[in-house]
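Chain and residue survey
Below are the chains, spelled out letter by letter.
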Amino acid sequence: MKRFVKTIILFIGILLAGCEKELDFKYHEIEPILVIEGSLTQDGAQVALTLTTPMNEPMNREHLTDAEVEIKDLESGEEITLKPDPDGIFISGMPGIEGHTYRLTVRREDEVYTSESTMGAAVDITGMEFNWIKMPYDYVAVLQVSFTDNPVSNDDCYWLRLYRNGEAYKWAEINDMLSANGIINEVMMTTRRDLDEEDEADKLEDGDIIRATVVPVSRDMHDYLEALGVGNSNGPRMFEGGFCLGYFLAAPVTVKEIVFRPDDF
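Here we summarise the structure given alongside this text. In every chain, residue numbers begin from 1 and rise along the written sequence. This being a predicted model, a pLDDT of at least 70 is required before a residue's local features are given, and a value of 80 or more before pairs of side-chain atoms are given or counted; all residues contribute to the totals for chains, interfaces and linings. The basis for every side-chain value is the complete set of heavy atoms in the structure, and neither hydrogens nor water enter the calculation.

1. Overview of the layout of surface pockets
Our working rule: In this analysis a 1.4 Å probe is tested at points of a 1 Å grid over the protein atoms alone, and where it fits but cannot get out there is a cavity; an open set with protein on both sides within 12 Å along at least five of seven lines is a pocket; lining residues have an atom within 4 Å of a point. Grid points are joined across faces, edges and corners, and a volume is the space filled by probe spheres set on the points. Secondary structure elements are taken from DSSP: a helix is a run of H or I of four residues or more, a strand is a run of E of two residues or more, and numbering for both begins at the N terminus. Residue classes follow a fixed rule: Ala, Val, Leu, Ile, Met, Phe, Trp, Tyr, Cys and Pro count as nonpolar, while Asp, Glu, Lys and Arg count as charged, and any other residue, Gly among them, counts as polar.
Roughly 500 Å³ of internal volume is contained in the second largest pocket. Those elements giving two or more residues to the lining of the second largest pocket turn out to be β7 (111–118), β10 (157–164), β13 (209–217), α2 (219–231) and β15 (245–250). In terms of residues, the lining of the second largest pocket owes the most to one element, β7, which gives five residues. Of the residues assigned to the lining of the second largest pocket, the class counts are 14 nonpolar, nine polar and six charged.

2. Comments concerning the nonpolar core
Rule in force here: We define a nonpolar core as any set of buried Ala, Val, Leu, Ile, Met, Phe, Trp, Tyr and Cys residues linked to one another through side-chain atoms lying within 4.5 Å. Burial status follows relative accessibility: with a 1.4 Å probe on protein chains alone, a residue under 20% of its type maximum counts as buried, one over 50% as exposed, and anything between as partly exposed. Working rule for contacts: check all heavy atoms of both residues, and any pair within 4.5 Å makes them a contact.
Counting 34 residues, the largest nonpolar core has Ile-36, Leu-49, Ile-71, Leu-104 and Met-221 as the members making the most contacts within it. Looking at this core element by element, the count peaks at four residues for β15. Non-local contacts of Ile-71, meaning those with residues more than four positions away in its chain, are made with Ala-45, Glu-78, Glu-79, Ile-80, Leu-82, Met-94, Tyr-102, Arg-103, Leu-104 and Phe-248. Counting residues in each nonpolar core, the second largest holds 23 residues, with Val-123, Met-128, Ala-172 and Ala-212 among its members.

3. Some details on the sheet that holds strand β3 (residues 68–73)
The line we're drawing: Strands qualify as paired when DSSP identifies two bridges or more between them.
Within the open sheet, the nine strands sit side by side as β14-β7-β6-β3-β4-β5-β2-β1-β15. Their pairing is mixed. Of all strands in the sheet, those with a lone pairing partner are β14 (240–241) and β15, marking the two edges. As defined by bridge partners, β3 adjoins strand β4 (residues 79–84) across four bridges and the pair is classed as antiparallel. Within β4, the position partnered with Lys-72 by the bridge is Glu-79.

4. Digging into the pattern of salt bridges
Applicable threshold: What makes a salt bridge here is a side-chain nitrogen of Lys or Arg within 4 Å of a carboxyl oxygen of Asp or Glu, nothing more.
By the definition in use, this model includes ten salt bridges. Across the pair Glu-116 and Arg-103 runs a salt bridge, and its minimum N-O distance is 3.1 Å. On the criterion of sequence distance, the pair formed by Glu-116 in strand β7 and Arg-103 in strand β6 (residues 101–108) is long-range, its members being 13 residues apart. Judged by its relative accessible area of 47%, Glu-116 is partly exposed. We classify Arg-103 as partly exposed; its relative accessible area is 29%. Linking Asp-223 and Arg-219 is a salt bridge whose minimum nitrogen-to-oxygen distance equals 3.2 Å. Of this pair, Asp-223 and Arg-219 both sit in helix α2, four residues apart, roughly one helical turn. Through salt bridges with shared partners, one network takes in Asp-66, Arg-108 and Glu-109.

5. Notes on the side chain of Asp-176
Quick note on the threshold: Positive residues here are Lys and Arg, negative ones are Asp and Glu, while His and the chain termini are left out of the count. Polar contact is the term for a pair of N or O atoms within 3.5 Å; when the atoms are in protein, one must be able to donate a hydrogen and the other to accept it, and sequence-neighboring residues count only if both atoms are side-chain atoms.
As for its position among the elements, Asp-176 is in the loop between β11 (167–175) and β12 (183–192). The buried charged residue Asp-176 lacks any salt bridge, with Arg-219 as its nearest oppositely charged partner at 6.2 Å. Among the polar contacts listed, one links the side chain of Asp-176 to the backbone nitrogen of Asp-156, at a separation of 3.0 Å.

6. Let's talk about the sheet that holds β13
For clarity, the cut-off: Axis lines are fitted through C-alpha atoms, for helices just across the contact stretch, and the angle between N-to-C directions can take any value from 0 to 180 degrees.
What the four strands build is an open sheet, ordered β11-β10-β13-β16; its pairing is antiparallel. The outermost strands of the open sheet, each flanked by one partner alone, are β11 and β16 (254–259). Strand-to-strand twist of the sheet, defined as the mean angle between neighbouring strand axes without regard to direction, takes the value 20°. Of the pairings in the sheet, the one linking β10 to β13 comprises eight bridges and is antiparallel in character. Residue Tyr-158 lies in a different strand from β13, and its bridge partner there is Pro-216.

7. Things to note about the side chain of Ser-146
Here Ser-146 shows up in strand β9 (residues 139–148). Of the polar contacts made by the side chain of Ser-146, one reaches the side chain of Asn-185; its length is 2.5 Å. Each residue touching Ser-146, except ones within four places of it in the same chain, is listed here: Asp-124, Ile-125, Thr-126, Gly-127, Ile-183, Ile-184 and Asn-185.

8. A short note on the pairing of β11
Here β10 pairs with β11 via eight bridges, running antiparallel. Paired with Trp-159 across the strands is Glu-173, a residue of β11.

9. So, a nonpolar patch on the surface
To be explicit about the condition: Two joining distances apply to patches: 9 Å for like charges and 5 Å for nonpolar side chains (Val, Leu, Ile, Met, Phe, Trp, Tyr), and every residue must have over 30% relative accessible area and no salt bridge. Each accessible area value is a Shrake-Rupley result obtained with a 1.4 Å probe; residue values ignore everything except the protein chains displayed when judging cover.
Among the surface-exposed residues, Ile-133, Tyr-137 and Met-189 lie close enough to one another that they form a single nonpolar patch of about 270 Å² accessible area. Relative to the assigned elements, Tyr-137 resides in the loop between β8 (125–134) and β9.

Don't take any of this as a statement about function, it's just geometry.
Written as structure tokens, this is what we have:
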């Protein structure tokens, strides 16, 4: 029976491969949706507001400033109002405190959006190291980032982000399933050795500075990031109230840098 099903699928594939008729996809036009990207770290808070862009138009990253943005410390009761900077990002210098839960509130056009996040404990990045691995098509440089994980608790989650010369490069959502002796070793593929065959998005050149940041995140935030990265979807809803996209994350950021020297490893 399985062989029969495979034959049918193969036959359908051959038929589809032979079709040359253009498919005219029609997308439903919908009103732009508010996107809220908020973070609170040990250095302060920043919240960016944008709108989604129709699929047939260029990406619009213009920041919205016609909103009221507040963050409240639910432990101390302290509440601050964020103000937009020259780039249109709402900011505040109030640092987050480990163990405190914070509520972000955004009010815009008669809608109210809220999200809560608890500030976890900072991790320690214990090491960063490049190595070449042999792939069928070329050698590829992999970067191992090692950082601490609480061995007592389970289902801890983290967000690892890499920046290339100050610009966003790669990221990964991580859980503690592979933690060993309180250390997580995350390996990320980067550039191939033959740069003439490498995409600009992945290419690393001698002297490039790679900065890694690691933050603890909730399971919901992990699943949200996983949906964005693997499932290419919006993931679980992260805000209450009016419908919007985006997230709010209160988390301490740990930073470490390494210089890419392809002849040294």
